Amino acid sequence: MDPAAPRLPVAVRDLVLLGARVLLGVILIAHGLQKLLTNGIAGTAAGFEQGGVPLPLVSAGFAAGVETLGGLLLVLGLLTPLVGLLVAGVMAGAFWFVHMGQGLFAADGGWELVAVIALAALTFAVTGPGRFSLDALLGRRRS
């Protein structure tokens, strides 16, 4: 941390982490449920196949599961480092197979949203979820 940077109270830091974690989780849950319920796994797999995603049925199920369950786990702050890495991996695949050649803007099919989600997920993987999380609660009980 930059020693010249102003220090905020730890509670403020943890509230910001909680808000960011919940927002990211809700966005992931919405995208996962879209793959599961709106498009269905078969429809999602068809789209993945068209995009050249390997093993489209397996990939569709994996992406939908990581987004839905991973989003819920982020909201709860449980298994946060693992979830962060899995989400970043799914977003890397989305970038590579779907969004990379579409420019920046999500409205044009671009990569801005998957990049922001991946970076946010990686941030939680390396910083942890903060005090207001099940990871923190369970960690205190183990100590």
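Tracing the sequence through the fold places histidine 99 in helix H4 (residues 80–99). Taking the C-alpha atoms as reference points, histidine 99 and glutamine 50, 49 residues apart in sequence, are found 13 Å from one another. Apart from residues lying up to four places away in sequence, histidine 99 is in contact with Ala94, Gly109, Gly110, Trp111 and Val114. Only 2.8 Å separates the side chain of histidine 99 from the backbone oxygen of glycine 109, close enough to count as a polar contact.

What follows deals with H4. Considered for burial, the residues of H4 that qualify are Thr80, Val83, Gly84, Val87, Ala88, Val90, Met91, Ala94 and His99. End-on view of H4: buried residues confined to an arc of 165 degrees, all on one side of the axis. Opposite the packed face of H4, turned more than 90 degrees from it, sit the exposed residues Leu85 and Trp96.

Further remarks concern a nonpolar patch on the surface. On the surface, a cluster of nonpolar side chains totalling about 740 Å² of accessible area is made up of Phe95, Trp96, Phe97, Val98, Met100, Leu104, Phe105 and Trp111. Among the structural elements, tryptophan 96 can be located in helix H4. Owing to a relative accessible area of 54%, tryptophan 96 belongs among the exposed residues under this scheme.

Our next topic: the pattern of salt bridges. In the structure shown here, the tally under the stated rule is three salt bridges. The salt bridge partner of arginine 13 is aspartate 14, with a shortest N-O separation of 2.7 Å. The exposure class of arginine 13 is partly exposed, given its relative accessible area of 43%. Assessed through its relative accessible area of 1%, aspartate 14 is described here as buried. The closest approach of N and O atoms between glutamate 67 and lysine 35, which form a salt bridge, is 2.9 Å. Taken together, the residues span a long stretch of sequence, with glutamate 67 in helix H3 (residues 56–76) and lysine 35 in helix H1 (residues 10–38) at a distance of 32 residues. For the pair formed by glutamate 67 and lysine 35, the shared burial category is buried.

This part is about the nonpolar core. Judged by nonpolar contacts, the single largest core of 21 residues is most densely connected at Leu24, Leu28, Val87, Met91 and Ile117. Going through the elements one at a time, H1, helix H2 (40–50), H3, H4 and helix H5 (112–127) are the ones with two or more residues in this core. If we skip the residues at most four places from it in the chain, valine 87 touches Leu28, Val66, Ile117 and Ala121.

Parameters and conventions
Residues numbered from 1 in each chain as written. Predicted model: local features only at pLDDT ≥ 70, side-chain atom pairs only at ≥ 80, totals over all residues. Heavy atoms only, no water. Helix = DSSP H or I, 4+ residues; strand = E, 2+ residues; numbered from the N terminus. Contact = heavy atoms within 4.5 Å. Polar contact = N/O pair within 3.5 Å; in protein donor to acceptor, adjacent residues only side chain to side chain. Buried < 20%, exposed > 50% of the residue type's maximum accessible area, 1.4 Å probe, protein only. Arc of directions from axis to C-beta. Patch = residues over 30% accessible without salt bridge, like charges linked within 9 Å, V, L, I, M, F, W, Y side chains within 5 Å. Areas by Shrake-Rupley, 256 points an atom, 1.4 Å probe, with all protein chains shown as cover. Salt bridge = Lys/Arg side-chain N within 4 Å of Asp/Glu carboxyl O. Core = buried A, V, L, I, M, F, W, Y, C linked by side-chain atoms within 4.5 Å.

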